[in-house]
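# Residue-level structure breakdown
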Amino acid sequence: MRENERSMSDISQGPGWWQASDGKWYPPEQAPSGQPAAAEAPAGQPPAGQPPAGQPPMGQPAYGAAAPAGVPGPLASWGERAIALIIDGAIIFVAAIALFVMVAIIGAISDVLGFLVLMVGYIALLGANLYFGFLVGQNGASPGMRLNGLKCVSEETGQVIGGGMGVVRSFAHIIDSIVCYIGWFLPLFDDKNQTIADKVIKTVVIKDQPKESFGP
């Protein structure tokens, strides 16, 4: 009786014990000829061939590397977004230069008139920024984004967020600036390549969209 208990057990009794097809564990001396005893994994370690807990299986992408579910395209990188922003900024910069030239000419005639033109110009530049935000919400892209094949969409639905929310998103970019401009560089480290404004409005910018020429 005791010999039978020694011959098999419901659990391994130590190094070298092997498990047969009947689910029982047998001591090393009873292992079939030519069959090595199965090595036991150290305590707290996963079985051989399985990844540690909390890590994705081999061959699968790391968490956060892909676009959110429902988003119709890969995420745009920080560099791609920066190029689009520079193009938008260049358009407004050219308008600003034209404004200040006009102010200088009119100011030489009348200081009061020059001041009024300057104030109207500032309002127009602010309006241009808000209009670009409206385009991002309404059509998914500003002029710079259209030229680079980028599109801003909701991370939850994959659809554009609407002109009104696009303007709100423009104001939300103030947060990106007041925290020492860190928000603008957040896409370099964020798993969804989002700025703070993107996180507030729940938007992402995707790439590989049809590129459009510059125009009205």
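Look up a bit, the structure's there.
Below: a short report on this structure. (Residues numbered from 1 in each chain as written. Predicted model: local features only at pLDDT ≥ 70, side-chain atom pairs only at ≥ 80, totals over all residues. Heavy atoms only, no water.)

## Here's the deal with a nonpolar patch on the surface
The criterion, for reference: Exposure above 30% relative accessible area and the lack of any salt bridge qualify a residue for a patch; like charges then connect within 9 Å, and the nonpolar side chains Val, Leu, Ile, Met, Phe, Trp and Tyr within 5 Å. Note that accessible areas follow from Shrake-Rupley with a 1.4 Å probe, and for residues the cover is restricted to the protein chains shown. Salt-bridge detection follows one rule: a side-chain nitrogen of Lys or Arg within 4 Å of a carboxyl oxygen of Asp or Glu. Helix and strand assignments follow DSSP, with helices taken as H or I runs no shorter than four residues and strands as E runs no shorter than two, numbered in order from the N terminus.
There is a patch of nonpolar side chains on the surface, built from Phe100, Val112, Leu113, Phe115, Leu116, Met119 and Tyr122 and spanning about 670 Å² of accessible area. The greatest single-element share of the nonpolar patch, amounting to six residues, is contributed by helix H3 (residues 111–139). The topology assignment puts leucine 116 in helix H3.

## Comments concerning the side chain of glutamine 194
This is how the line gets drawn: Identification of polar contacts relies on pairs of N or O atoms within 3.5 Å, with a donor-acceptor requirement for protein atoms, meaning one able to donate a hydrogen and the other able to accept it, and with residues adjacent in sequence counted only if both atoms are side-chain atoms. Residues count as neighbours in contact if any of their non-hydrogen atoms are within 4.5 Å of one another.
Along the polypeptide, glutamine 194 turns up in the loop between helix H6 (182–185) and helix H7 (196–201). From its side chain, glutamine 194 meets the backbone oxygen of threonine 203 in a polar contact 2.8 Å long. Once you skip the residues sitting within four places of it in the chain, glutamine 194 turns out to touch Arg81, Glu155, Leu186, Pro187, Lys199, Thr203 and Val204.

## Regarding the environment of cysteine 152
To keep it simple, the criterion reads: Each residue is assigned to one of three classes by its accessible area relative to the maximum for its type, calculated with a 1.4 Å probe on protein chains only: buried under 20%, partly exposed between the two thresholds, exposed over 50%.
Its place among the elements puts cysteine 152 in strand E3 (residues 151–154). Its relative accessible area of 0% is what places cysteine 152 among the buried residues. Setting aside residues no more than four positions away along its own chain, cysteine 152 makes contact with Val136, Gly140, Met145, Val160, Arg169, Thr203, Val204 and Val205.

## Here's the deal with the nonpolar core
As a reminder, the rule being used: In plain words, nonpolar cores are sets of buried Ala, Val, Leu, Ile, Met, Phe, Trp, Tyr and Cys residues tied together by side-chain atoms within 4.5 Å.
One finds Ile92, Ala96, Leu99, Val103, Ile106, Val117, Leu118, Leu125, Phe132 and Leu135 forming the largest nonpolar core, which totals ten residues. Of all elements in the fold, only helix H2 (78–109) and H3 reach the threshold of two or more residues within this core. Setting aside residues no more than four positions away along its own chain, leucine 99 makes contact with Val117, Gly121, Tyr122 and Leu125.

## Considerations on the pattern of salt bridges
Taken as a whole and judged by the stated rule, the model has six salt bridges. Linking lysine 192 and glutamate 155 is a salt bridge whose minimum nitrogen-to-oxygen distance equals 2.7 Å. Here lysine 192 is found in the loop between H6 and H7, whereas its partner glutamate 155 is found in the loop between E3 and helix H5 (163–178), with 37 residues between them in sequence. A relative accessible area of 13% means that glutamate 155 is categorised as buried. Salt bridges sharing partners connect three or more residues here, namely Arg81, Arg169 and Asp198.

## Observations concerning the packing of H2 against H3
The cut-off we apply is this: In this analysis an axis means a line fitted to C-alpha atoms, helices contributing only their contacting stretch, and an angle means the value between N-to-C directions, from 0 to 180 degrees. Our angle categories are set so that under 35 degrees counts as roughly parallel, over 145 as roughly antiparallel, 65 to 115 as roughly perpendicular, and the remainder as oblique.
For the pair H2 and H3, interaxial distance at closest approach is 8 Å and the crossing angle is 170°. Classed by the angle they form, the pair H2 and H3 counts as roughly antiparallel. In this structure, H2 contributes Asp88, Ile91, Ile92, Ala95, Ala96, Leu99, Phe100, Met102, Val103, Ile106, Gly107 and Ile109 to the contact, and H3 contributes Asp111, Leu113, Gly114, Val117, Leu118, Gly121, Tyr122, Leu125, Asn129 and Phe132.

## Digging into the pairing of strand E4 (residues 203–206)
Going by this rule: DSSP bridges decide pairing: two strands pair if at least two such bridges lie between them.
What you see with E4 is no split at all: Thr203 and Val205 on one side and Val204 and Ile206 on the other are buried throughout. Examined bridge by bridge, E3 and E4 share four bridges and lie antiparallel to one another. When the bridges of E4 are listed, valine 153 appears paired with valine 204.

## Brief notes about the packing of H3 against H5
The relative placement of two packed helices is expressed as an angle between their axes plus a distance between the axes. Rules: Note on convention: the crossing is left-handed when the near helix lies turned anticlockwise from the far helix by less than a right angle, right-handed when the turn is clockwise.
Two elements in contact, H3 and H5, have axes separated by 6 Å at closest approach and are oriented at 130°. Between H3 and H5, the angle falls in the class oblique. For the pair H3 and H5, the crossing hand works out as right-handed. For the pair H3 and H5, contact is made by Asn129, Leu130, Gly133, Phe134, Val136, Gly137 and Gln138 and by Gly163, Gly166, Val167, Arg169, Ser170 and Phe171, respectively.

## Description of H5
Formally: To estimate how far a helix should extend, the number of its residues minus one is multiplied by 1.5 Å.
Helix length check: H5, at 16 residues, gives a terminal C-alpha distance of 24 Å against a target of 22 Å (1.5 Å per residue), a fit within 8%. Within the span of H5, buried status applies to Gly163, Gly166, Arg169, Ala172, His173 and Asp176.

## Details of the environment of valine 120
By secondary structure assignment, the location of valine 120 is in helix H3. In the structure, valine 120 is positioned 21 residues away from leucine 99 in sequence and 9.5 Å away in space, judged by C-alpha atoms.

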